[in-house]
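Working through the structure, step by step
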Amino acid sequence: MCQALTKPQAKMFFGDQWLDLTAPHVMGVVNVTPDSFSDGGSLFASQSLCLDAAMVRARAMVAEGASFLDIGGESTRPGANPVSVQQELDRVMPVIESVRASLDVVVSIDTSTPQVMIAAAQAGAGLINDVRALTRVGALGAAAETQLPICLMHMQGDPKTMQNNPIYDSIVEDIGLYIDERVQQCSTVGIPLERILIDPGFGFGKTLVHNLQLLKSLSLLASKGIPVLVGMSRKSMIGSVLGRPVDDRLHGGLAVSVMAYERGARIVRTHDVGPTVDALRMAHAVMMSD
Ligand code: YH5
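Residues numbered from 1 in each chain as written. Predicted model: local features only at pLDDT ≥ 70, side-chain atom pairs only at ≥ 80, totals over all residues. Heavy atoms only, no water.

For the coordinates displayed, the defined rule picks out 1 cavity of 30 Å³ or more. In this structure, the largest cavity occupies an estimated 80 Å³ of space. Those elements giving two or more residues to the lining of the largest cavity turn out to be helix 9 (250-262) and strand 10 (265-270). Top element by residues in the lining of the largest cavity is helix 9. It accounts for 5 residues. (1 Å grid on protein atoms, 1.4 Å probe; cavity = no way out; pocket = protein on both sides within 12 Å on 5 of 7 lines; lining within 4 Å. Points joined across faces, edges and corners; volume = space filled by probe spheres on them. Helix = DSSP H or I, 4+ residues; strand = E, 2+ residues; numbered from the N terminus.)

Next up on the list: the site of the ligand. If you check the shell around the ligand, you find 17 residues, and the closest are Asn129, Asp199, Gly231, Lys235 and Arg269. At a separation of 2.7 Å, a nitrogen atom of the ligand approaches a polar side-chain atom of Asn129. Taking Arg234, its main chain carries an N or O atom lying 3.5 Å from an oxygen atom of the ligand. Protein coverage of the free-state accessible area of the ligand, which is 520 Å², stands at 85%. (Near = heavy atom within 4 Å. Polar contact = N/O pair within 3.5 Å; in protein donor to acceptor, adjacent residues only side chain to side chain. Areas by Shrake-Rupley, 256 points an atom, 1.4 Å probe, with all protein chains shown as cover.)

This brings us to helix 5 (residues 171-188). If you check helix 5, its first and last C-alpha atoms are 26 Å apart, about what 18 residues at 1.5 Å a residue would give, namely 26 Å. Within the span of helix 5, buried status applies to Ile171, Val172, Ile175, Gly176, Ile179, Arg182, Val183 and Cys186. Across the axial projection of helix 5, the buried residues extend over an arc of 130°, all falling on one side. Of the exposed residues in helix 5, those oriented more than 90 degrees away from the buried face are Glu173, Leu177 and Thr188. Residue Gly190 follows helix 5 closely and has a positive phi angle near 90°. (Expected span 1.5 Å × (residues − 1). Buried < 20%, exposed > 50% of the residue type's maximum accessible area, 1.4 Å probe, protein only. Arc of directions from axis to C-beta.)

Here it is as structure tokens:
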């Protein structure tokens, strides 16, 4: 037995359970945007349909091995309609409550909105995932109040304009500096390092070349010692390289997930939970061998 190769313990507390972040974990994406389910019927009918559809997906993802479900009611795609706070609450709260009532999984609330962070935490969410890294007015204070872990994601610009010719001095260094600044802001409101995860934000204000460079050098980010989460599932960086439509990007997604894990990422956000769990379990077995 070679004790020197034993990896250090790195556990994080997600609301009511500890997860061992020396092993890889999968986060399943649960979008709750009722427009995609609307059939022109009543708002009530479309929201019930949406809840049912979200729960079918949620149950399947947990059965396939997801440790987290990322529940979001605001689309960050360029050109998406803005949502009001009330709309966002109406979308996500029933799903959070239903998941909490019936499934053993950490609920991640995908939001930048302070009121949604607070309500989700009260309903039992275990992680705040903010693609705006707590930059909205009141978000730092709200996140601190929940006492939950928080994922700080990097984005250059805002969703509407972020893909208009994004420019960096050095993609990895620039992201490292941004994250350092956001971690510093967290410390000013009492969010300790032990409650922070970081995410380079693939596709958020980045060209294809930026995204590829970022993945290749992800270990530089992981070397900060803060757990790294990545989300590349079905994104255009895969579509552009492979020339495949959004529903045919699974194999590319598995390749980049394993590469991210090898470079230190410990949580992979994906639409394809089962295949990603298998790929990461396999990669982890190889990395743990001695
Ligand atoms: C992320 O990377 N991404 S929403 C465009 C696509 C496919 C998927 C068709 N929330 C992240 O999933 N949160 C989103 O092309 C996220 N990290 C974290 N932490 C965008 C998305 C997507 C966009």
